[in-house]
Amino acid sequence: MSFLRTVLISCACFGYIFGYNIHPGPLVQATKGEVWPKPQKQERGDGFMAVDPQMFKFHAIKETCKILEVAFERYMKIITDSANSRLRPKQQATPSSRDKAWKDHKNFVGSLVTLQVDLTETCGDNDIPTADMYERYSLHINMPTQSQAILKSKSIWGILRGLETFSQLLYLADDGAALIINSTTIRDHPRFHHRGLLLDTARHYMPMNIILRIIDAMAYNKMNIFHWHIVDDQSFPFQSKTFPELSEKGAYHPEYMIYTPEDVQRVIRYAARRGIRVMPEFDTPGHTRSWGEGRPELLTTCYTNSKPNGYLGPIDPTKNSTYRFMETFFREIVGVFPEQYVHLGGDEVDFDCWQSNAAISQWMADNNMVGDYATLEEYYIQKLVDTVNSLNAKSIVWEEVFANGVELPKETLVHVWLNNDILPNATFNGYKTIWSSCWYLDHLSTGGDWTKYYQCDPHSFFSLPPGQEKLIIGGEACMWAEVVDSTNVIQRIWPRASAVAEKLWSARSVRDLQDAAKRLEEHTCRMNVRGIPAQPPNGAGYFLRSCSRVLLSSNVQRAALSTTVPRYKSKIDDALNLREAPQVSELAVLKPEELKQKKQLEGYITVEGPVDISPISGIPEEHIKTRRVRIYMPAKNAMQSGTDNIHFWQIEFDNRERWENPLMGWASSGDPMSNMKVEFSSKDDAIAYCEKNGWQWFLQESTEKLARSKNYGVNFAWNKRARVSTK
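On a predicted model such as this, the values are computed, not experimentally measured, just so you know.

A. Focus on the overall build of the chain. Per the secondary structure count, the chain includes 23 helices and 28 strands. When each of the 727 residues of the chain is scored for burial, the buried share is 53%. Here the analysis covers contacts within the chain between residues at least 6 apart in sequence; of these, 73% occur between residues at least 24 apart. When the accessible surface of the chain is summed, it comes to about 32,600 Å², and 49% of that surface belongs to carbon and sulfur atoms.

B. Molecular detail of the state of the cysteines. Applying the stated criterion across every chain, the model contains three disulfides. What pairs with Cys 65 in a disulfide is Cys 123, and their sulfur atoms sit 2.0 Å apart. Around the S-S axis, the bridge from Cys 65 to Cys 123 shows a dihedral of about -110 degrees and counts as left-handed. In this pair, Cys 65 sits in the loop between strand 4 (57–60) and helix 2 (66–84) while Cys 123 sits in the loop between strand 6 (114–119) and strand 7 (137–141), placing the two residues 58 residues apart along the sequence. Overall, the relative accessible area of 12% leaves Cys 123 in the buried class. A sulfur-sulfur separation of 2.0 Å characterises the disulfide bridge that pairs Cys 302 with Cys 353. Negative torsions about the S-S bond denote left-handed disulfides, and the value of about -110 degrees found for Cys 302 with Cys 353 makes this one left-handed. Note that Cys 302 is positioned in strand 14 (residues 299–304) and Cys 353 in helix 9 (residues 352–356), a separation of 51 residues in sequence.

C. Here's a closer look at helix 3 (residues 156–169). With 14 residues, helix 3 should cover 20 Å at 1.5 Å per step; its first-to-last C-alpha distance of 20 Å lies within 8% of that length. Of all the 14 residues making up helix 3, 14 are buried; the element is thus mostly covered by neighbouring parts of the structure. Where helix 3 begins, the side chain of Ser 155 points an oxygen toward the backbone nitrogen of Trp 157, at a separation of 3.0 Å.

D. Geometry of helix 18 (residues 513–529). The terminal C-alpha atoms of helix 18 lie 24 Å apart, and with 17 residues this matches the ideal 24 Å at 1.5 Å per residue to within 8%. When you tally the buried positions in helix 18, you get 13 out of 17 residues, the bulk of the element. Its side-chain oxygen at 3.0 Å from the backbone nitrogen of Gln 514, Asp 512 defines the N-terminal cap of helix 18. Taken from the residues just after helix 18, Gly 531 is the one with a positive phi, measuring 95 degrees.

E. Seen up close, the packing of aromatic side chains. Enumeration over the complete set of coordinates arrives at 32 aromatic pairs. Considering the side-chain rings of Trp 228 and Tyr 259, the 5.1 Å spacing of their centres and the 70 degrees angle between planes classify their relative orientation as edge-to-face. In this pair, Trp 228 sits in strand 12 (residues 225–229) while Tyr 259 sits in the loop between helix 5 (245–250) and helix 6 (261–272), placing the two residues 31 residues apart along the sequence. Residue class for Trp 228 comes out buried when judged on its relative accessible area of 0%. Cation over ring: Lys 222 sits above Trp 505, and NZ or CZ is 5.8 Å from the ring centre. The ring of Tyr 270 has Arg 274 sitting right over it, with the charged end atom 3.6 Å from the ring centre.

F. Quick peek at the pairing of strand 13 (residues 277–281). Most of strand 13 sits inside the fold, with five of its five residues counted as buried. Both faces of strand 13 are covered, namely the face carrying Arg 277, Met 279 and Glu 281 and the face carrying Val 278 and Pro 280. Strand direction decides the pairing type here: strand 12 and strand 13, joined by five bridges, are parallel. Looking at strand 13, one finds that Phe 226 is bridged to Val 278.

G. Summary view of the nonpolar core. If you look at the biggest cluster of nonpolar residues, it comprises 136 residues, and the most contacted ones within it are Phe 166, Phe 330 and Trp 494. Filtering out sequence-adjacent residues up to four positions away, Phe 330 remains in contact with Phe 282, Val 342, Leu 344, Leu 384, Val 388 and Leu 391. Within the second largest apolar cluster, eight residues are counted, among which are Ile 360, Trp 363, Met 364 and Tyr 373.

H. Focus on the packing of helix 2 against helix 3. Viewed as axis vectors pointing N to C, helix 2 and helix 3 meet at an angle of 10 degrees, and their least axial separation amounts to 11 Å. Of the possible angle classes, the one that applies to helix 2 and helix 3 is roughly parallel. Only Ile 156, Trp 157, Ile 159, Leu 160, Leu 163, Glu 164, Phe 166 and Ser 167 of helix 3 make contact with helix 2, whose side of the interface consists of Ile 67, Leu 68, Ala 71, Phe 72, Arg 74, Tyr 75, Ile 78 and Ile 79. A class-by-class count of the residues in the contact of helix 2 with helix 3 yields 13 nonpolar, one polar and two charged.

I. Layout of the pattern of salt bridges. Counted under the stated rule, the structure contains 25 salt bridges. For Lys 32, the salt bridge identified is with Asp 174, shortest N-O distance 2.5 Å. Residue Lys 32 is located in the loop between strand 2 (16–19) and strand 3 (41–51), and its partner Asp 174 is located in the loop between strand 9 (171–172) and strand 10 (179–188); the two are separated by 142 residues in the primary sequence. For Asp 174, a relative accessible area of 60% translates into the label exposed. Taking the shortest distance from any N to any O, the salt bridge between Asp 118 and Lys 62 comes out at 3.7 Å. Taken together, the residues Asp 118 in strand 6 and Lys 62 in the loop between strand 4 and helix 2 connect sequence positions 56 residues apart. By relative accessible area, Asp 118 is classed as buried at 7%. Through salt bridges that share partners, Lys 38, Glu 502, Asp 515 and Arg 519 make up one connected network.

J. Quick peek at the side chain of Ser 240. On the secondary structure map, Ser 240 appears in the loop between strand 12 and helix 5. One polar contact links the side chain of Ser 240 to the main-chain amide nitrogen of Thr 242, over a distance of 3.2 Å. Within the structure, the side chain of Ser 240 is placed 2.6 Å from the side chain of Glu 332, a separation counted as a polar contact. Beyond its immediate sequence surroundings of up to four residues, Ser 240 is in contact with Phe 329 and Glu 332.

K. Quick look at the environment of Ser 138. Its location among the elements puts Ser 138 in strand 7. Considered as a pair, Ser 138 and Asp 118 are 20 residues apart in the sequence and their alpha carbons are 9.9 Å apart.

L. Here's a closer look at the confidence of the model for the chain. Averaged over every residue, the pLDDT of the chain is 79; the share at 70 or more is 70%. The low-confidence segment residues 636–646 (pLDDT under 50) makes 17 contacts with residues lying over four places distant or belonging to another chain. Contacts from residues 654–675, a stretch scored under 50 in pLDDT, to residues over four places away or in other chains number 72 contacts.

M. Just unusual backbone geometry, in detail. With an omega of -5 degrees, the peptide bond between Trp 36 and Pro 37 qualifies as cis. Relative to the elements of secondary structure, Pro 37 occurs in the loop between strand 2 and strand 3. Note that the residue after Thr 284, namely Pro 285, is joined by a cis bond; omega there is 5 degrees. As for its placement among the helices and strands, Pro 285 is situated in the loop between strand 13 and helix 7 (291–294). For Glu 348, which is not glycine, the phi torsion reads 50 degrees and is therefore positive. For Glu 348, the location among the structural elements is in the loop between strand 16 (341–345) and helix 9. Residue class for Glu 348 comes out partly exposed when judged on its relative accessible area of 46%.

Calculation criteria
- Residues numbered from 1 in each chain as written.
- Predicted model: local features only at pLDDT ≥ 70, side-chain atom pairs only at ≥ 80, totals over all residues.
- Heavy atoms only, no water.
- Helix = DSSP H or I, 4+ residues; strand = E, 2+ residues; numbered from the N terminus.
- Buried < 20%, exposed > 50% of the residue type's maximum accessible area, 1.4 Å probe, protein only.
- Contact = heavy atoms within 4.5 Å.
- Areas by Shrake-Rupley, 256 points an atom, 1.4 Å probe, with all protein chains shown as cover.
- Disulfide = S-S within 2.5 Å.
- Expected span 1.5 Å × (residues − 1).
- Polar contact = N/O pair within 3.5 Å; in protein donor to acceptor, adjacent residues only side chain to side chain.
- Phe/Tyr/Trp six-rings, centres within 6.5 Å; stacked < 30°, edge-to-face > 60°.
- Lys NZ or Arg CZ within 6 Å of the ring centre and 35° of its normal.
- Pairing = 2+ DSSP bridges.
- Core = buried A, V, L, I, M, F, W, Y, C linked by side-chain atoms within 4.5 Å.
- Axes fitted to C-alpha atoms, helices over the stretch in contact; angles between N-to-C directions.
- Parallel < 35°, antiparallel > 145°, perpendicular 65-115°, else oblique.
- Nonpolar A, V, L, I, M, F, W, Y, C, P; charged D, E, K, R; others polar.
- Salt bridge = Lys/Arg side-chain N within 4 Å of Asp/Glu carboxyl O.
- pLDDT = per-residue confidence, 0-100.

Written out as structure tokens, the structure reads:
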């Protein structure tokens, strides 16, 4: 111990030396109003303006479309939340000379009331981003004699990137009384076109609300490729219309842990409105064990001592039926996903099972491949690539496919993840490449390990001729899901993937770790305010006042679903089993006509927020041991029933508390599901539903006869906890 006392333990991190001698306060002081990723060119003036969300507006001065209109609504909500997120003192402070001191500052030039948005080329309501989308924009907030600013781009995708930048320039004044924006001119564009995040949804199933939140965070970081590694050995959650048996037998659960065609289209639309492409990956011939649950004939039977040993190996490449299946399957995939590229995988193929199978050995002998299993793999991949190419789609393959000598079409992308030497070889042969070697998010290090991703640059490993360097079109951060699920995947991704996002967007010269640490501290806080629970990036510290709403309280949100379409029953089942509400955010701030329109457009909705809890009793969801459910027969008219529903048997949760919500009138709590109602066409269906979920129930019948028969329907309302404030 005496020896230890004499030892000075210190560590350099962002210029700080710490050990036994520690200064109080945060390790890294966050910036205010700095942009992440760092713009290509930014000029700052001395002046600044205030922004009042109640007065401020976006205005399209030329072209517009639904994508832009929805983006205005989305960013208006972000700005309003930023203004409302200041830390409120427990007691109202008396006015002081410091209140709104910014108004008296010599550089204060007034209020900014409009961002003029100049989209110079047309956009369509249902446009989909493509590999060559234009993302360049300019933003001018430097008109001290005017109350306007201008965002300009020729593409809707450039406008979306500019709106994100504009939202990040806003910050709270020191007194928390206003949003401030500095005089600024930005001319910006991405360094790389391909800026992706891979999410594995096969090792652990990721619920829809998690996927959508991750896509939101990608937009906040100006990433533009959602690489959906949707199936793997462990599970097959993609629901194929052509081969439904794949998910029926290969998913972790055939109803609750699948992605329906409607789910997939929702992800595609959701991402497209944020300028993000959705690229699917169906990895073969390896990583396919779950395929064999529904279609065992696709896989290779493994043998030990010439007898089947009960295991199945990779896709059997010797059967003609394999290729007929793959052509039909990928024809469906190309029709489902509008993305130009399909990731075909092709990595980590274990040859042992092929070697054990006598039929495969005989086929190889008949085709002059004796003992050459790499050539057998090449044979399969070549036919698969040719098949996808014939479907007018383009392929992305893992690096092993190129290394094994497959003759790839020149438009094929080679995804480098393991052997860095593949990159110069592939570009020398004229292939475009994307890079992931040093951006695996499942590789953990102690502390704020975002720095290891930030210090990695795909141009720094080799000195390539300009022609080859241009063929490196970007890269992807990869979140493999062996040890993450819906409880921790978002925290594991962010803000670590933010480091990758800046490497792929900002200029090559942007590499200052100290500057990045300060900006990332602010950006992490910003993501938390927006509902992305990003982990602390650097070490000891605290969130700025603009993050306090997330830490101290949350707004009441209510999601509602009203439909007579039976397929939504699975959504209710999913919510009950996974303890997640079905989804749309921030309904409390919507006007009734806006809510009606949103419900019509989105069909069903989900609320995202903190754990369900009663604002009166403080009883969280996990403490509700039993649920008492009332089942009652529909009344003949609304006057008798006291509701607007008169045609269904209905269950209603009986564990209730009531409080007055100033945003929405009266609401119920106690049991987090106390405001949920589910309607059935018969009493037996209602009873069976309660018993399936293990709920106590009692019957309350009406003497009135059922007015008329009607199909299954639901009314669904779910309250989230809050400290409600009218401020």
